[in-house]
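Reading the structure
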Amino acid sequence: MKKYLVIGNPIEHSLSPKLHNYWFNLYNIDSLYKKKEVQETDLEKIISQVKENKISGINVTVPFKKTIIKYLDTLSEVAKKTQSVNTIFMHKNKIYGHNTDCKGFERSLIETGFNTIGKTAFIIGAGGVTSSIILALEISGVKKIYISNRTKQKVEEIKKIFPKIEIIEWGKKPSQFDIVINTTSVGLKEKDEIEIDFTDCNNKLFYDLIYSMKTKFLKNREKTNYTKDGIAMFAYQAQEAFECWEGFKPNINEKLWEILKN
Ligand code: ATR
């Protein structure tokens, strides 16, 4: 039996095992996918287990998407550009790191039906997934990207990779934008809400990467704007990871959405 893992800290909330085990079961693949809470000091050993073929593939989540890179042999173009890895496997005898968050977000954005060509986006947050969102927006034809983060230093690091993005002071918003994306963890606790005043916004796309619940960020905007939560991006990034490991794209159907929502 092949073994797969998602590693991170915390990891309790991860729905990845549910999703991948559903697919393994559906396609009669003799594999098991587990979650494992790890510390940074565990990373090297876990990667060596991939080299030794004890683990067939790994997904990486917060906060190790960047720190894992130093233990890998080669990176895909997307992983290089974003400096973020969420999918690992052996390829041509080398430990290969790829980023499926970017394509996952891009596909979910197409699904909204919202026209992104020539539009302006405002990204809130500068965590491990943010560079994937920026690249996906650029690929989607977005012409201007503003970004704001509580800790300014982190957003300045991202600007080194994407020099065209414009930094906005924390708590403020750009004077004009069409899409706003929450990439922070604010909203995971039901009471929490991002402290930026969006009350005057209409007909914009509010996208929250959080997928485990409907956040206040979305709830408070539903009547006057378009909203999208992170569940589709989550499913699409998993679908591409599965394809890297097993060589075919697994099906995303109604049953799968139901499993994820319950
Ligand atoms: P990491 O940065 O380790 O990858 P992450 O969960 O991907 O972790 O990112 C957390 C994001 O949520 C960051 O943008 C973080 O802002 P800081 O860089 O200032 O820490 C943001 N975040 C978390 N809690 C927050 C809060 N209470 N208010 C504002 N931003 C918050």
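Let me sum up the structure you'll find in this document. (Residues numbered from 1 in each chain as written. Predicted model: local features only at pLDDT ≥ 70, side-chain atom pairs only at ≥ 80, totals over all residues. Heavy atoms only, no water.)

Neighbouring the ligand are 14 residues; Gly128, Asn149, Arg150, Thr151 and Lys154 lie closest to it. Arg150 is positioned such that a nitrogen or oxygen atom in its side chain is 2.9 Å from an oxygen atom of the ligand. Considered on its own, the ligand offers 630 Å² of accessible surface; in the complex 72% of this is hidden by protein. Each residue belonging to the shell around the ligand can be placed in one class, and the counts come to five nonpolar, seven polar and two charged. (Near = heavy atom within 4 Å. Polar contact = N/O pair within 3.5 Å; in protein donor to acceptor, adjacent residues only side chain to side chain. Areas by Shrake-Rupley, 256 points an atom, 1.4 Å probe, with all protein chains shown as cover. Nonpolar A, V, L, I, M, F, W, Y, C, P; charged D, E, K, R; others polar.)

So, on to the pattern of salt bridges. Close approach of charged atoms allows side chains of opposite charge to pair. Per the counting criterion, the structure on display carries 15 salt bridges. Here Lys70 makes a salt bridge to Glu40, at a shortest N to O gap of 3.7 Å. Of the two residues, Lys70 sits in the loop between strand 3 (57-60) and strand 4 (74-75) while Glu40 sits in the loop between strand 2 (31-37) and helix 2 (43-51), which places them 30 residues apart along the sequence. Across the salt bridge formed by Glu169 and Lys172, the nearest N and O atoms sit 3.5 Å from each other. A residue is classified by how much of its surface remains accessible, and Glu169, at 54% relative accessible area, is exposed. Judged by its relative accessible area of 46%, Lys172 is partly exposed. (Salt bridge = Lys/Arg side-chain N within 4 Å of Asp/Glu carboxyl O. Helix = DSSP H or I, 4+ residues; strand = E, 2+ residues; numbered from the N terminus. Buried < 20%, exposed > 50% of the residue type's maximum accessible area, 1.4 Å probe, protein only.)

Below, the discussion takes up the environment of Ile165. Within the element layout of this structure, Ile165 appears in the loop between helix 6 (152-161) and strand 9 (166-167). What makes Ile165 buried here is its relative accessible area of 2%. With 10 residues separating them along the chain, Ile165 and Val155 place their C-alpha atoms 9.7 Å apart. Contact partners of Ile165, with chain neighbours within four places excluded, come to Ile134, Ile145, Ile147, Ile158 and Lys159. (Contact = heavy atoms within 4.5 Å.)

Relative to the helices and strands, Ile117 resides in the loop between helix 4 (101-112) and strand 7 (120-124). We classify Ile117 as exposed; its relative accessible area is 60%.

Turning next to the side chain of Asn86. With respect to the helices, strands and loops of the structure, Asn86 is situated in the loop between helix 3 (77-82) and strand 5 (87-91). Owing to a relative accessible area of 2%, Asn86 belongs among the buried residues under this scheme. A polar contact is formed between the side chain of Asn86 and the side chain of Gln237, at a distance of 3.3 Å.

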